[in-house]
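Residue-level listing of the chains:
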Amino acid sequence: MSLQLRLFGGGQPTAGKISTSNDGSHAIDKSKVLAATDTGVITPNSPGNFSSIRSVPVVPDPRYFDREQADALKKLAKEKTDGARQSKRAYKSLAKIEAADKTVHKEHRKYEEAVAQNELGKKRADTGLAKKLHGLRPGYARLGLGIDKADSDARTRIDEIKTKLTGGSN
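A. Spatial organisation of the overall build of the protein. When its secondary structure is counted, the protein shows three helices and zero strands. Shown N-terminal to C-terminal, the secondary structure of the protein runs as helices and strands in the order α-α-α. For the protein, the computed accessible surface area is about 16,100 Å², with 58% contributed by carbon and sulfur atoms.

As structure tokens, then:
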């Protein structure tokens, strides 16, 4: 049988053939690899809503304000300034958390790369052993045949001795 038929089929049993899981195919789903880590994360495919914050409405035309309005706006400005300061701190902290998450994510992927690379190395070692063991089979077959021949020769000699001593009857 040709090597091509043995490798890729020809009505023979599957033992000794390359299985489809080891023929170079893969199960890497590009859409899963590129999927966002969260539904709210910003990507080119999900650019966010470009919303903003507006604490007071835009004044469309020039106008006068009275003292009460000015005092209220001054108080609101002070609150919003403090709120902005606290928001800045919070966003800075959120950015640090995101950076830490990224670091953990990257290190985990490096670990997974090492696991995958080492698994391949282990499988190469297993394959090498399997090939070596197959190479030893003829030697073991020779040894087994030698034992069988020695057993057969011994039985023949024993039978000859029995025949000689018993005068031909068993």
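B. Structural context of the environment of Ser55. Considering the arrangement of structural elements, one finds Ser55 in the loop between helix H2 (30–33) and helix H3 (67–166). The exposure class of Ser55 is partly exposed, given its relative accessible area of 42%. C-alpha separation for the pair Ser55 and Ala77, spaced 22 residues apart in sequence, amounts to 9.5 Å.

C. Structural detail: unusual backbone geometry. Despite not being glycine, Phe50 shows a phi value in the positive range, around 55°. With respect to the helices, strands and loops of the structure, Phe50 is situated in the loop between H2 and H3.

D. Fine view of the pattern of salt bridges. For the structure shown, the criterion picks out six salt bridges. In this structure, Arg85 engages Asp82 in a salt bridge whose closest nitrogen and oxygen atoms are separated by 3.2 Å. Of this pair, Arg85 and Asp82 both sit in helix H3, three residues apart, which is roughly one turn of that helix. When the shortest N-O distance is used, the salt bridge between Lys110 and Glu107 registers 3.3 Å. Of this pair, Lys110 and Glu107 both sit in helix H3, three residues apart, roughly one helical turn.

E. Focus on H3. Helix length check: H3 (100 residues) gives 140 Å between terminal C-alpha atoms against 148 Å at 1.5 Å per residue, within 8%. The largest bend in H3 amounts to roughly 30° and is located at Arg137, with the proline Pro138 lying one to four residues further along. Two to three positions downstream of the cap, the backbone nitrogen of Glu68 sits 3.2 Å from a side-chain oxygen, assigning the N-cap of H3 to Asp66. In the segment just after H3, Gly167 is the residue with positive phi, at about 75°.

F. Up close: the packing of aromatic side chains. Within this structure, the stated rule accounts for zero aromatic pairs. Against the face of Phe65 rests Arg63, its NZ or CZ located 4.0 Å from the ring centre.

G. Highlighting the confidence of the model for the protein. Model confidence for the protein is summarised by a mean pLDDT of 88, while 86% of its residues fall at 70 or above. Per-element confidence in the protein ranges from a low mean pLDDT of 58 for helix H1 (residues 3–8) to a high of 96 for H3.

H. Up close: a nonpolar patch on the surface. A surface patch of nonpolar side chains, about 530 Å² in accessible area, is lined by Leu129, Leu133, Leu136, Tyr140 and Leu143. Locating Leu136 in the fold gives a position in helix H3. Since its relative accessible area comes to 38%, Leu136 is described here as partly exposed.

Rules and cut-offs
- Each chain carries its own residue numbering, running from 1 in the written order of its sequence.
- pLDDT decides what is reported in this predicted model: residues at 70 or higher carry local features, side-chain atom pairs at 80 or more are listed and counted, and totals for whole chains, interfaces and linings draw on all residues regardless.
- Side-chain descriptors were evaluated using all non-hydrogen atoms of the structure, hydrogens and water having been removed beforehand.
- Strands here mean DSSP runs of E at least two residues long; helices mean DSSP runs of H or I at least four residues long; both are numbered from the N terminus.
- Only the protein chains shown count as cover for residues, and the accessible areas themselves come from Shrake-Rupley with a 1.4 Å probe.
- Relative accessibility decides the category of a residue: with a 1.4 Å probe and only protein chains considered, values under 20% of the type maximum give buried, values over 50% give exposed, and everything between is partly exposed.
- Any carboxyl oxygen of Asp or Glu that lies within 4 Å of a side-chain nitrogen of Lys or Arg is treated as forming a salt bridge with it.
- The span expected for a helix works out to 1.5 Å for each residue beyond the first.
- The bend reported for a residue corresponds to the angle between axes fitted to the seven residues ending at that residue and the seven starting there.
- N or O atoms within 3.5 Å of each other form a polar contact, as long as, within protein, one can give a hydrogen and the other can take it, and as long as residues adjacent in sequence are counted only when both atoms are side-chain atoms.
- Put simply, two rings from Phe, Tyr or Trp (the six-membered ring, in Trp's case) pair if the centres are within 6.5 Å, and we call them stacked under 30 degrees between planes, edge-to-face over 60, tilted for the rest.
- In our convention, an over-ring charge means Lys NZ or Arg CZ found within 6 Å of a ring centre and within 35 degrees of that ring's normal.
- Here pLDDT means the predictor's own confidence in every residue, given as a number from 0 to 100.
- Patch membership is restricted to residues that have no salt bridge and whose relative accessible area is over 30%. Joining uses 9 Å for like charges and 5 Å for the nonpolar side chains Val, Leu, Ile, Met, Phe, Trp and Tyr.

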